[in-house]
Amino acid sequence: MRELDRIGVALNGVRKSYGALQVVHGIDLTIRDGDFVVFVGPSGCGKSTLLRMIAGLEVTDGEIAIKGRDVTDLDPSERGIAMVFQSYALYPHMSVRDNLAFGLKMARTDRAEIERRVGQAAEILKIAHLLDRRPGQLSGGQRQRVAIGRAIVREPDVFLFDEPLSNLDAELRVSMRVEIARLHRELGNTMIYVTHDQTEAMTLADQIVILRDGRVEQTGTPRDVYANPVNTFVAGFIGSPRMNLLDAEWRGSGKVRLADGEIGACLDSLQAGERIVVGMRPEHIRIVAGGPDAVKATVEFTEYLGGTRYLYCRLGDAQNVVVELREGDDIPSGSTVWLTAPSERRRYFDSSGARIG
Ligand code: ADP
Ligand code: MG
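Residues numbered from 1 in each chain as written. Chains lettered and ligands numbered in written order. Predicted model: local features only at pLDDT ≥ 70, side-chain atom pairs only at ≥ 80, totals over all residues. Heavy atoms only, no water.

A. Just the overall build of the protein chain, in detail. Looking only at helices and strands, one finds 8 helices and 20 strands in the protein chain. C-alpha extents for the protein chain along the principal axes are approximately 75 × 45 × 40 Å. Counting only residues that meet the buried cut, the protein chain has 48% of its 357 residues in that class. Within the protein chain, contacts between residues at least 6 apart in sequence are counted, and of these 64% link residues at least 24 apart. Element-wise, carbon and sulfur atoms account for 46% of the exposed surface of the protein chain, whose accessible area totals about 17400 Å². (Helix = DSSP H or I, 4+ residues; strand = E, 2+ residues; numbered from the N terminus. Buried < 20%, exposed > 50% of the residue type's maximum accessible area, 1.4 Å probe, protein only. Contact = heavy atoms within 4.5 Å. Areas by Shrake-Rupley, 256 points an atom, 1.4 Å probe, with all protein chains shown as cover.)

Structure, rendered in structure tokens:
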């Protein structure tokens, strides 16, 4: 494991069951202090549960430490965390200023200090002109800024975000995403951010933690998990459009049968005739004049997006392949093409989905 200069959050054997249903299965995780870490995975995989356990909102088996301090048995208010929810959870009858100040007033922070922190948060989030409004007089994006502001004034060690942008429209989501990245750069705190959206994960994270069914499938930088997925789940989940995962057969002697063609591969410890999966990202696929090391496909239709085009193709055995092109002439539907990808870009998985090459 990588040397950690300073540890922000450490999970050791963290588990959660609801009755007989176990939803988080023994998670061990070390988060470096100051990192932006994104928990990503499909709906229901346990992201919110894990975040709520770190926050102290759920009873937990296992141990949780924040900045070297065991917080497993501490209340949420004693953990040095602040959480931002998808639903904003603002007090509708209070002004923005009072919403921001409320938690500090409850904690009996002195008035000058409250004013200083509220002013600073309002400035960071560019909401100083909204301080006298009520939540009902704000747009969705402004409300989410206030919710984030309420976390900032607490000056936590660790920020926890649970799908904070999911209620916003697509355009606002992109601009708030940039704001959150800027916030992390300015504050430098450890941030843990939960989302089902792989684009948010890829764009925001220093480290991505990919979860499935209450287990960590892979942890790494966005570049790591994109280039070197450990299995077909991660390969298919990270990246849009997704990696083409094509059923194929290992023929032995460096050959893979793919649809009605054959490509070369260096794979060990397989028996000739074993089923494998060949992974090729849409942007790595090239259209070439013919074999060897290419497979024949028919172009079914094309999506034109300006800078890029997606070709939806079908192989001889009816498997679908998406190809991303950035330049070149249009290729009419119905055309026959030959597809290949540089060998160093191809990924191979065994029939269980585990990476083998
Ligand atoms: P995610 O945030 O990744 O969508 P959750 O952490 O909310 O997933 O839920 C993980 C699993 O735990 C799901 O199967 C969900 O149905 C279940 N779950 C969550 N909260 C409860 C609860 N209070 N009681 C029973 N099951 C729950
Ligand atoms: Mg959730």
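B. Molecular detail of the sheet that holds strand β3 (residues 36-40). Strand order in this open sheet of 6 strands is β6-β7-β8-β3-β9-β10, and the pairing throughout is mixed. One side of each edge strand has no neighbouring strand; the edge strands of this open sheet are β6 (81-85) and β10 (215-220). On average, each strand axis in the sheet is tilted by 15° relative to the strand beside it, whichever way the strands run. Here β3 runs beside strand β8 (residues 190-195); their pairing, made up of 5 bridges, is parallel. Bridging from a neighbouring strand, V37 pairs with I192 of β8. Here helix α5 (residues 170-187) sits on the sheet and contacts β3, β7 (158-162) and β8; the angle it forms with β8, its principal contact strand, is near 160°. (Pairing = 2+ DSSP bridges. Axes fitted to C-alpha atoms, helices over the stretch in contact; angles between N-to-C directions.)

C. Region of the structure containing the sheet that holds strand β19 (residues 336-340). Read across the open sheet, the 5 strands follow the order β15-β19-β16-β17-β18; overall the sheet is antiparallel. Since the sheet does not close on itself, it has two edges, and those belong to β15 (286-288) and β18 (320-325), each with one partner. Ignoring strand direction, the axes of neighbouring strands in this sheet form an average angle of 50°. One ladder, built from 6 bridges, connects strand β17 (residues 309-315) with β18; its direction is antiparallel. Opposite L311, over in β18, you have V323 as the bridge partner.

D. Region of interest: the domain arrangement of the protein chain. By domain assignment, the protein chain separates into domain 1 (3-237) and domain 2 (244-349). Relative placement of domain 1 and domain 2: their C-alpha centres are 39 Å apart. In this complex, domain 1 contributes 9 residues to the contact, which on the side of domain 2 involves 6 residues. Buried area between domain 1 and domain 2, summed over both chains or domains, comes out near 620 Å², and the portion from carbon and sulfur atoms is 55%. Three residues, Y226, T232 and A235, lead the burial of domain 1 against domain 2; their summed loss comes to 67% of the area buried on that side. At the boundary of domain 1 with domain 2, the tally comes to 0 salt bridges. At the junction of domain 1 with domain 2, the criterion picks out 3 residue pairs in polar contact (both at pLDDT 80 or more). (Domains from an automatic or database assignment. Buried area = accessible area lost by both parts, 1.4 Å probe. Salt bridge = Lys/Arg side-chain N within 4 Å of Asp/Glu carboxyl O. Polar contact = N/O pair within 3.5 Å; in protein donor to acceptor, adjacent residues only side chain to side chain.)

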